[in-house]
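One letter stands for each residue in the lines below.
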Amino acid sequence: MDSILDFVAGGLLQLSWWQLVLVTLVLTHITIVSVTVFLHRSQAHRGLDLHPAIAHFFRLWLWLTTGMVTKEWVAIHRKHHAKCEKEGDPHSPMVYGIEKVMWKGAELYREEAANQETLKRYGHGTPNDWLERNVYSRHPGLGIMLTLIVDVLLFGAAGLTVWAVQMAWIPFWAAGVVNGLGHYIGYRNFSSPDTSTNLFPIGILIGGEELHNNHHAYGTSAKFSSKWYEFDIGWLYIKLMTYLGLAKVRKVAPKLKLEKSNQVTEKTLQGVITHRYEIMTRYADLLKKTAQAEIDRLKGVKDSLSAQQAALLKTVADRITQAEQSLKPTEKEELEQALSQNKVLATLVNMRDELTRVWASSTASSEQLLQDLQVWCQQARQSGIKSLEQFALRLQRYAA
């Protein structure tokens, strides 16, 4: 009887509480690494190739610990990038609200996984071997049940808690925190046309997925860190696997290159398109500094109209650099009113929108885009706004 009670209490391993906590963290960390390295960087974005043995280990582990089907996860994530924060985005807090994405992100995932059109359009190139067709995709719940049995055998009654944490880990951290908070709070290195943010500069807890804004700027890059102070543990594992011959990196974010020449050529055009989000980040800084300078100037003018304009501009200053979809209708109206009263800022915003069209057009030829960029640089140099002139001079030095 004592041996039975001991088994129920601690299972085969008879671990102490702190050992149980440590084992649980290790198990969930392997799951996070499987998601970020296999599902996300390798399968969804093709940023790296994995050795078949390590790829299948990740696939097996995810079947055991999450029940997620590779094709479903990949298709939903690709659709998120294709429809980011617009109608059709499977899990945008801008569409569904932050609370729903945070706490019901797994439900949104399951709803979209049932959409066969999504799977057909975005799920191409994912595993389709005998195991996938007959085991992993056909019986996604079987792996979860096997994990429950193993956890109880190894850890006894505490195995139920270990299993519960394993089951909740990805729905909370990936479906909730990354998809929710990763588009709601944090800092931005790149002015991508969405609200994606970096949650922390140290990407350990969620395998590097904390650096979400970096990822949205360069979606196919296998490396998520960008600044010197950022650490992406997922990239560390990829480098280790590369050293062992288990992985091959295909794509990383391009490094910025500036030429000495200031002639706007096809090389300049390619450099501008490649580094467009870095360019928009610099432009956002220009707008912020100009807005503050205009506020200070208006405060120095002693009349009621200037005081009103300064107050309005101070209210909307942060909105000038925000993504349009993140602004409420009333906020947009206030911003438009403030810009209508300030020629310098209105010019800068209009020039920003014109510059964005250089890489946003999907129909214009390379020759037309090059001409548009040349015209933009000429207009910027002749704008009479010193900061914009300097920006254009630097832009002319970009190269792919």
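Up top you'll find the structure we're talking about.
## What to know about the pattern of salt bridges
Two side chains that carry opposite charge are able to pair once their charged atoms sit near each other. Under the defined criterion, the tally for this structure stands at 13 salt bridges. Taking the shortest distance from any N to any O, the salt bridge between Arg297 and Glu294 comes out at 3.0 Å. Remark: Glu294 and Arg297 occur in helix 14 (residues 276–299); sequence separation between them is 3 residues, near one turn of the helix. Here the salt bridges share partners, and the residues they tie into one network are Arg59, Asp129 and Glu132.

## A look at the nonpolar core
The biggest cluster of nonpolar side chains holds 41 residues, and the ones touching the most others in it are Tyr283, Leu355, Leu373, Trp376 and Leu395. At the level of secondary structure, the elements contributing two or more residues to this core comprise helix 13 (266–274), helix 14, helix 15 (304–316), helix 16 (329–340), helix 17 (343–360), helix 18 (366–381) and helix 19 (386–395). The residues contacting Leu355, other than those within four sequence positions of it, are Ile279, Met280, Leu373, Trp376, Phe391 and Leu395. In this structure, Met68, Tyr109, Val177 and Ala222 belong to the second largest nonpolar core, which totals 34 residues.

## With respect to the packing of helix 9 (residues 140–155) against helix 10 (residues 158–180)
With their axes 7 Å apart at the nearest point, helix 9 and helix 10 run at an angle of 145° to one another. Between helix 9 and helix 10 lies a crossing of right-handed hand. Side by side, helix 9 and helix 10 meet where Ile144, Met145, Thr147, Leu148, Asp151, Val152 and Phe155 of the first sit next to Ala158, Gly159, Leu160, Val162, Trp163, Gln166 and Met167 of the second. By residue class, the composition of the contact of helix 9 with helix 10 is 10 nonpolar, 3 polar and 1 charged.

## A closer look at the side chain of Arg352
Mapped onto the elements of the fold, Arg352 is located in helix 17. Judged by relative accessible area, Arg352 falls into the buried class, the value being 18%. Among the polar contacts listed, one links the side chain of Arg352 to the backbone oxygen of Ile320, at a separation of 2.6 Å. With residues up to four places along the chain from it excluded, the contact list for Arg352 reads Met280, Tyr283, Leu287, Ile320 and Thr321.

## Quick notes on the side chain of His40
Here His40 lies in helix 2 (residues 17–44). Separated by 2.8 Å, the side chains of His40 and His77 make a polar contact. The contact partners of His40, leaving out residues within four places of it in the chain, are Val35, His45, Trp73, His77, Glu209, His215 and Phe224.

## A word on the environment of His183
Tracing the chain through its elements places His183 in the loop between helix 10 and strand 2 (202–203). Between the alpha carbons of His183 and Glu354 there is a distance of 26 Å; along the sequence they are 171 residues apart. Discounting chain neighbours no more than four positions away, the residues touching His183 are His80, Cys84, Glu85, Pro93, Met94, Val178, Thr195, Ser196, Thr197, His212 and His216. A distance of 2.8 Å separates the side chain of His183 from the side chain of Glu85, its partner in a polar contact. Separated by 3.1 Å, the side chains of His183 and His212 make a polar contact.

The rules behind each value
- Residues numbered from 1 in each chain as written.
- Predicted model: local features only at pLDDT ≥ 70, side-chain atom pairs only at ≥ 80, totals over all residues.
- Heavy atoms only, no water.
- Salt bridge = Lys/Arg side-chain N within 4 Å of Asp/Glu carboxyl O.
- Helix = DSSP H or I, 4+ residues; strand = E, 2+ residues; numbered from the N terminus.
- Core = buried A, V, L, I, M, F, W, Y, C linked by side-chain atoms within 4.5 Å.
- Buried < 20%, exposed > 50% of the residue type's maximum accessible area, 1.4 Å probe, protein only.
- Contact = heavy atoms within 4.5 Å.
- Axes fitted to C-alpha atoms, helices over the stretch in contact; angles between N-to-C directions.
- Left-handed = near helix turned anticlockwise from the far one by under 90°.
- Nonpolar A, V, L, I, M, F, W, Y, C, P; charged D, E, K, R; others polar.
- Polar contact = N/O pair within 3.5 Å; in protein donor to acceptor, adjacent residues only side chain to side chain.

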